[in-house]
There are 2 protein chains.
Amino acid sequence: MDKQISQAVIRRLPRYYRYLGELLDDGVERISSNDLSKRMHVTASQIRQDLNNFGGFGQQGYGYNVAYLHDEIGNILGVNDTHNVIVIGAGNLGQAIAGYVKFERVGFKIIGLFDVNPELKGKMVRDLPVQMLDELPEFVKNNNVEIAALTLPKQNAKSTALKLVSLGVHAIWNFAHVDLDDIPDVVIENVHLSDSLMQLSYNITQHKK
Amino acid sequence: MDKQISQAVIRRLPRYYRYLGELLDDGVERISSNDLSKRMHVTASQIRQDLNNFGGFGQQGYGYNVAYLHDEIGNILGVNDTHNVIVIGAGNLGQAIAGYVKFERVGFKIIGLFDVNPELKGKMVRDLPVQMLDELPEFVKNNNVEIAALTLPKQNAKSTALKLVSLGVHAIWNFAHVDLDDIPDVVIENVHLSDSLMQLSYNITQHKK
DNA sequence: TGCCTATTGTTAAAATCTTGACATAGTTTT
DNA sequence: AAAACTATGTCAAGATTTTAACAATAGGCA
């Protein structure tokens, strides 16, 4: 059985992945944990420890091959496969997220955009028409939907999440300002913008002292 | 001198604040750490420990007064004061953030929206006109700008951040997919949506096993 | 009023996470 | 081909965070 990797490590992986991607773009072939630690402002020890959770990607006396390590971390994160994404809630945030994922993230493909508001029905957001929520079951049945981004008011978040799970969507990227606990058999990733802004506010207050 | 509060605690404060707000809305007057722990799915011990970093807000044998605790945490987070916010980058995400903060968060007020694209000049986004970036110095001089949200491509993020700091804006809510280290005397809060999505992807992969 | 109960604030233990140290293995140089 | 060097993987120590335990104190009730 695999040893459980701590969420602290998982949170750092995307950052490694990003730095390695930049090194790759810059044509850097190899890098040592020490050099990387200076760029990323973390300890070299932590880098080696983190990577070793998943196996020995480096070579003594040489360091890490950038392309190889980048690819391996990509595999670990699962971003080398394609994931189909739908967005529920076609407001500003929903449209922004749809556009953001489309342009910024390979590995994730926006294939549907839904809302309850009949006025939005059929409206084109880039190359996707806004569909009504009652078309969702049919859509999910006919398409391999893996992730649903929830960009809707918190009042509707939980019921929508439950519906999605019952339809077979087991991963939710939740932007609604509410916790979606108590839903079994689903993977949730929360983006609480309010929380982030309040943390900023706290740190401003501290900084002033 | 104040003892330094760990970021782990700070990250939890907004969540307490949210739950207390909901209790307040529901007319609940008092709550024990034990009851709150059941709702929030954290240990009662952690709640008491966290709150005690800031002082004794509760009463033995009684619990915590919801309204009082909510207000105190609001003070700690600094959300009971008003903070003026500008948004740099009037794309989808910038417009979404501007709208989001406006409608969801009291305590934060969007007062300006900037972009480099001349085609957007003067375009109204709700009640705010898009201004050109060269109007920024004058605007900052005449308005008490505390926070700048950066919703622009990563290539421009660092130079814009440096400019903002030189103009006197010392808090940045960064949505660009780049780290803004090495900038002294500024408080940064990052929202890396890509990282969040990759964490979700990782957890999906694990879940399938 | 005084006893009983509830629940905090706080201390200490346990668990987890991070950092430092170094033997070992592979690379580069001569 | 051997010597010198570099940098990993790993172990152990140190630091931090979380959880458990409980004495002390305030509220509720008789």
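Residues take numbers from 1 onward in each chain, read along the sequence in its written order. Each chain takes a letter, starting from A, and each ligand takes a number, starting from 1, following the order in which they are written. Per-residue local features of the predicted model are confined to residues with pLDDT of at least 70, and side-chain atom pairs are confined, for both listing and counting, to 80 or more; whole-chain, interface and lining totals are unaffected and use all residues. Processing note: side-chain calculations cover all non-hydrogen atoms of the structure and skip hydrogens and water entirely.

K.L.:
Any chance you could break down the layout of surface pockets for me, citing the residues and the numbers?
P.N.:
Both site types are read off a 1 Å grid over the protein atoms alone. A 1.4 Å probe that fits but cannot get out defines a cavity, while an open set with protein on both sides within 12 Å along at least five of seven lines defines a pocket; lining residues have an atom within 4 Å of a point. Grid points are joined across faces, edges and corners, and a volume is the space filled by probe spheres set on the points. Size it by volume and the largest pocket reaches roughly 2,000 Å³. Under the DSSP-based scheme used, a helix requires at least four consecutive residues in state H or I and a strand at least two consecutive residues in state E, with every element numbered from the N terminus. Secondary-structure elements contributing two or more residues to the lining of the largest pocket are α1 (7–25), β10 (187–190) and α8 (193–208) of chain A together with α1 (7–25), β10 (187–190) and α8 (193–208) of chain B. The greatest single-element share of the lining of the largest pocket, amounting to 7 residues, is contributed by α1 of chain B.

K.L.:
Run through the pairing of β10 of chain A, naming residues and quoting values.
P.N.:
Residue and element names in this part refer to chain A. For every residue, the accessible area (1.4 Å probe, protein chains only) is compared with the maximum for its type, and the residue is labelled buried under 20%, exposed over 50%, or partly exposed between those bounds. Side-chain alternation along β10 places Val 187 and Glu 189 on a buried face and Ile 188 and Asn 190 on a face that remains uncovered. For two strands to be treated as a pair, DSSP must find at least two bridges joining them. Sheet topology note: the strand β9 (residues 171–174)/β10 ladder contains 4 bridges and is parallel. Each bridged residue has a counterpart across the sheet, and for Ile 172 the counterpart in β10 is Ile 188.

K.L.:
Any chance you could break down the relation of the copies chain B and chain A for me, citing the residues and the numbers?
P.N.:
Least squares is the method used to superpose the copies, on C-alpha atoms of residues holding a pLDDT of at least 70 in both. Least-squares fitting of chain B to chain A yields an RMSD of 0.1 Å, with the transformation described by 0.0 Å of translation along the axis and a rotation of 180 degrees. Viewed as a symmetry operation, the transformation between the two copies matches a two-fold axis. A symmetric contact is evident, with 100% of the interface residues of chain B recurring at the interface of chain A. Residue contacts are defined here by distance: any two heavy atoms, one from each residue, within 4.5 Å place the two residues in contact.

K.L.:
Provide a residue-level description of unusual backbone geometry, including the pertinent values.
P.N.:
Residue and element names in this part refer to chain B. Although it is not a glycine, His 41 sits at a positive phi angle of roughly 60 degrees. With respect to the helices and strands, the residue His 41 is situated in the loop between α2 (33–40) and α3 (44–52). Taking relative accessible area as the criterion, His 41 reaches 48% and is therefore assigned partly exposed. In this model, Arg 126 sits at a positive phi of 55 degrees, which is unusual for a non-glycine residue. Residue placement: Arg 126 occurs in the loop between β6 (124–125) and β7 (128–132). Residue classification places Arg 126 among the partly exposed positions, given a relative accessible area of 36%.

K.L.:
Help me get a handle on the protein's contact with DNA strand C, residues and values and all.
P.N.:
Close to DNA strand C lie 26 residues, the nearest being Arg 12, Ser 45 and Gln 49 of chain A together with Ser 33 and Gln 60 of chain B. Residues are classed as near a molecule or strand on a simple rule: at least one heavy atom within 4 Å of it. Of all atoms in DNA strand C that approach within 4 Å of the protein, 59% are sugar or phosphate atoms. In this structure, a phosphate oxygen belonging to DNA strand C sits 3.0 Å away from a side-chain N or O atom of Asn 52 of chain B. Broken down by secondary-structure element, the contributors of at least two residues to the surface near DNA strand C are α3 (44–52) of chain A together with α3, β2 (58–59) and β3 (63–65) of chain B. Here the surface near DNA strand C gets 4 residues from one element, more than from any other, and that element is α3 of chain A. Here the surface near DNA strand C is built from residues that sort into 4 nonpolar, 18 polar and 4 charged. For this analysis, a polar contact is any N or O atom pair within 3.5 Å, provided that within protein one partner can donate a hydrogen and the other can accept it, and provided that sequence-adjacent residues contribute only side-chain to side-chain pairs. Throughout, the ten residues Ala, Val, Leu, Ile, Met, Phe, Trp, Tyr, Cys and Pro are labelled nonpolar, Asp, Glu, Lys and Arg are labelled charged, and all others, Gly among them, are labelled polar.

K.L.:
Before we move on, can you summarise the packing of α1 of chain B against α2 of chain B with the specific residues and values?
P.N.:
All names here are of chain B. Throughout, an axis means a line fitted to C-alpha atoms (over the contacting stretch in the case of helices), and angles, computed between N-to-C directions, take values from 0 to 180 degrees. Where α1 meets α2, the closest approach of the two axes is 11 Å, and the angle between their N-to-C directions is 105 degrees. Relative to α2, α1 is oriented roughly perpendicular. Residues Arg 15, Tyr 16, Tyr 19 and Leu 23 of α1 form the contact with α2, whose own contacting residues are Leu 36, Arg 39 and Met 40. The class makeup of the residues in the contact of α1 with α2 is 5 nonpolar, no polar and 2 charged. For classification purposes, an angle smaller than 35 degrees is called roughly parallel, one larger than 145 roughly antiparallel, one from 65 to 115 roughly perpendicular, and anything else oblique.

K.L.:
Give a description of the nonpolar core that names residues and reports values.
P.N.:
Side chains that are nonpolar tend, in soluble globular proteins, to be buried together. By size, the foremost hydrophobic cluster in this structure holds 104 residues, and its most contacted members are Trp 173 of chain A together with Trp 173 of chain B. When neighbours within four sequence positions are excluded, Trp 173 of chain B is seen to be in contact with Leu 193, Ser 196, Leu 197 and Leu 200 of chain A together with Ile 97, Val 101, Ile 147, Ala 148, Ala 149, Leu 150, Glu 189 and Val 191 of chain B. Buried residues of nine kinds, namely Ala, Val, Leu, Ile, Met, Phe, Trp, Tyr and Cys, make up a nonpolar core once their side-chain atoms join them within 4.5 Å.

K.L.:
Explain the protein's contact with DNA strand D to me, using residue names and the numbers behind them.
P.N.:
Around DNA strand D lies a shell of 25 residues, among which Ser 33, Asn 52 and Gln 60 of chain A together with Ser 45 and Gln 49 of chain B are the nearest. Within 4 Å of the protein, the contacting atoms of DNA strand D are 57% sugar and phosphate, with bases supplying the remainder. Measuring from a base oxygen of DNA strand D, one finds a side-chain N or O atom of Arg 48 of chain A at 2.9 Å. For the surface near DNA strand D, the element with the most residues is α3 of chain B, which contributes 4 residues. A per-class count over the surface near DNA strand D returns 4 nonpolar, 17 polar and 4 charged.

K.L.:
Can you lay out α1 of chain B for me, pointing to particular residues and giving the numbers?
P.N.:
Over its 19 residues, α1 of chain B extends 28 Å from the first C-alpha to the last, a length consistent with the 27 Å expected when each residue adds 1.5 Å. For α1 of chain B, the set of buried residues is Val 9, Ile 10, Leu 13, Pro 14, Arg 15, Tyr 16, Tyr 17, Arg 18, Tyr 19, Leu 20, Gly 21 and Leu 23 of chain B. Where α1 of chain B is buried, its residues meet α8 of chain A together with β1 (30–31), α2, α3 and α4 (66–77) of chain B. An expected span of 1.5 Å times one less than the residue number is assigned to each helix.

K.L.:
Could you give an account of the packing of aromatic side chains, naming the residues involved and the relevant values?
P.N.:
Any two of the Phe, Tyr and Trp rings considered here, Trp counted by its six-membered ring, make a pair once their centres fall within 6.5 Å; the pair's planes then place it as stacked at under 30 degrees, edge-to-face at over 60, or tilted in between. Summed over the entire model, instances satisfying the criterion amount to 6 aromatic pairs over all chains. Between Phe 114 of chain A and Phe 139 of chain A, the ring centres sit 5.3 Å apart and the planes meet at 75 degrees, which makes this aromatic pair edge-to-face. With Phe 114 of chain A in strand β5 (residues 108–115) and Phe 139 of chain A in helix α6 (residues 136–142), this pair connects stretches of sequence that are 25 residues apart. Accessibility assignment for this pair places Phe 114 of chain A and Phe 139 of chain A in one class, buried. Criterion for a charge above a ring: Lys NZ or Arg CZ within 6 Å of the ring centre, and within 35 degrees of the ring normal. The ring of Tyr 62 of chain B is capped by Arg 30 of chain B, whose NZ or CZ atom sits 4.3 Å from the centre of that ring.

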